[in-house]
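# Breakdown of the fold
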Amino acid sequence: MNSDNSVLLIFTGGTIGMTSDPETGALRPADFESVEKLMPELKDMGIHIAGVPLLPLVDSSDISPKVWERIALTIEEHYDSYDGFVVLHGTDTMSYSASALSFMLTGLAKPVIFTGSQIPIGVLRTDAKENLITAIEIASAKKGGKAVVPEVCIYFEDKLFRANRTTKQTSEHFSAFKSFNYPPLAEVGVHIKFLHHNIMKVPENAKLHVRTKTDRNIAILKIFPGITEKTVNGILNIDGLKAVILETFGAGNAPRGEWFYQALKNATEKGIIIVNKSQCSAGSVEMGLYETSLNLLNAGVISGYDATTEALVAKLMYLLGENGNREKVKTQMAKSLCGEMTIG
Ligand code: ASP
């Protein structure tokens, strides 16, 4: 590591930079300068570090695709000037935003590492310092002049994950994220151990193309024993709806009732894309394995394989925004575009 290495910090908000409101005691985003002031260590890293706050800083519950677009455009603007990018973001919706960026930054050949913390940086027991310092080291890591991790990732506690494979799994422990269906890209202890065979290889001539259009006309329908026809139809008949993530049981199973089948079939015939996502965190949808998923196939539901709900939300918004054509979107949904799912 030397001062030839450079990293741009993009600050969107989140607990990492929060302070307590003097009246209510509730945590709210503070300013970017306070993060820099509280981390004098950044100056000693031997890495050229610059920061861009995306104002107003937000709790990540207030994140929207507009912020995803701003992150993507900031990376595009500074792409040639930095070795890598660290995005500071609240943990609550980090997996959604980081997944969205993995689709928007096509042809990416540099690291984009999302991180944050469970305790604000100004609190003695904070997890922010370790997360931020290691994320910067990973974002600046090069081998033979090339980025070691040319992907959008989340770094938290001691693991680096492919972003579009993650889910926030705890609001209590420091290991906030888990990647149930894909192994880590690096494990961190005394050393940063990159697991090269898990990291994406980028073509020699990769060129960044940023695509930021999104379409929010999607919904999530989580089924449960006893769900009513009224609820299912209420969601499937939302005005302007283009796609639904159907959260099913086990390996992608659902009730076999005629009304349920008809409701799904009517929706797909109207042009709504329905993607089958298991409510299990680990494992894949296997349509046709049980009789209880055959109906879904017959109703025109497509498989979400082992992708997370967060990745499916981001992928559908991205594909519908980029290309309204239903058949093209369905074809792309059956492919892994940037390592978000395992097919076969
Ligand atoms: N509510 C916070 C946020 O997502 C939680 C965090 O950052 O950990 O912005």
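Residues numbered from 1 in each chain as written. Predicted model: local features only at pLDDT ≥ 70, side-chain atom pairs only at ≥ 80, totals over all residues. Heavy atoms only, no water.

### Notes on the environment of Gln262
- Locating Gln262 in the fold gives a position in helix α6 (residues 258-269).
- The sequence separation of Gln262 and Ala299 amounts to 37 residues, and the corresponding C-alpha distance is 7.6 Å. (Helix = DSSP H or I, 4+ residues; strand = E, 2+ residues; numbered from the N terminus.)

### What about the sheet that holds strand β18 (residues 243-248)?
- Pairing is parallel across the open sheet formed by 4 strands, whose spatial order is β17-β18-β19-β20. At either end of the open sheet lies a strand with only one pairing partner, and these are β17 (218-222) and β20 (302-303).
- Looking at chain direction, β18 and strand β19 (residues 273-278) are connected through 6 bridges and run parallel. For Val244, the partnering residue across the bridge sits in β19 and is Ile274.
- Along the sheet face, helix α9 (residues 326-333) touches β19 and β20 and points at about 20° away from the line of β19. (Pairing = 2+ DSSP bridges. Contact = heavy atoms within 4.5 Å. Axes fitted to C-alpha atoms, helices over the stretch in contact; angles between N-to-C directions.)

### Re the side chain of Arg162
- Relative to the helices and strands, Arg162 resides in strand β11 (residues 159-162).
- For Arg162, a relative accessible area of 5% puts it in the buried group.
- Residues contacting Arg162, with those up to four places away along its chain left out, are Glu151, Val152, Tyr182, Leu185, Asn198, Ile199, Met200, Cys338 and Gly339. (Buried < 20%, exposed > 50% of the residue type's maximum accessible area, 1.4 Å probe, protein only.)

### A closer look at helix α3 (residues 94-104)
- For α3, the tally of buried residues reaches 10 of 11 residues, placing the bulk of the element in the interior.
- Considered for burial, the residues of α3 that qualify are Met94, Ser95, Ser97, Ala98, Ser99, Ala100, Leu101, Ser102, Phe103 and Met104.

### Focus on the packing of helix α8 (residues 309-322) against α9
- The geometry of α8 relative to α9 is characterised by a closest axis approach of 10 Å and an angle of 145° between their N-to-C directions. Classified by chirality, the crossing of α9 by α8 is right-handed. In contact with Leu312, Lys315, Leu316, Leu319 and Leu320 of α8, α9 contributes Val329, Gln332 and Met333.
- Looking at the contact of α8 with α9 residue by residue, the class counts come to 6 nonpolar, 1 polar and 1 charged. (Left-handed = near helix turned anticlockwise from the far one by under 90°. Nonpolar A, V, L, I, M, F, W, Y, C, P; charged D, E, K, R; others polar.)

### Here's the deal with the sheet that holds strand β1 (residues 6-13)
- In spatial order, the strands read β4-β1-β5-β7-β10-β11-β14-β15; together these 8 strands make up an open sheet with mixed pairing. A single partner strand is all that each edge strand has here, and the edge strands are β4 (48-58) and β15 (192-194). Averaged over neighbouring strand pairs, the angle between their axes works out to 20° when direction is ignored.
- Of the strand pairs in this sheet, strand β7 (residues 112-115) and strand β10 (residues 152-156) are connected by 3 bridges, and their pairing is parallel. Bridge pairing in β10 places Val112 opposite Val152.

### Remarks on the pattern of salt bridges
- In total, this model carries 13 salt bridges according to the counting rule given.
- In this structure, Lys146 engages Glu204 in a salt bridge whose closest nitrogen and oxygen atoms are separated by 3.3 Å. Remark: Glu204 occurs in the loop between β15 and β16 (209-210) and Lys146 occurs in strand β9 (residues 146-147); sequence separation between them is 58 residues.
- Taking the shortest distance from any N to any O, the salt bridge between Asp306 and Arg165 comes out at 3.2 Å. Taken together, the residues Asp306 in the loop between β20 and α8 and Arg165 in the loop between β11 and β12 (167-168) connect sequence positions 141 residues apart. Here the two residues Asp306 and Arg165 agree in accessibility, since each one is buried. (Salt bridge = Lys/Arg side-chain N within 4 Å of Asp/Glu carboxyl O.)

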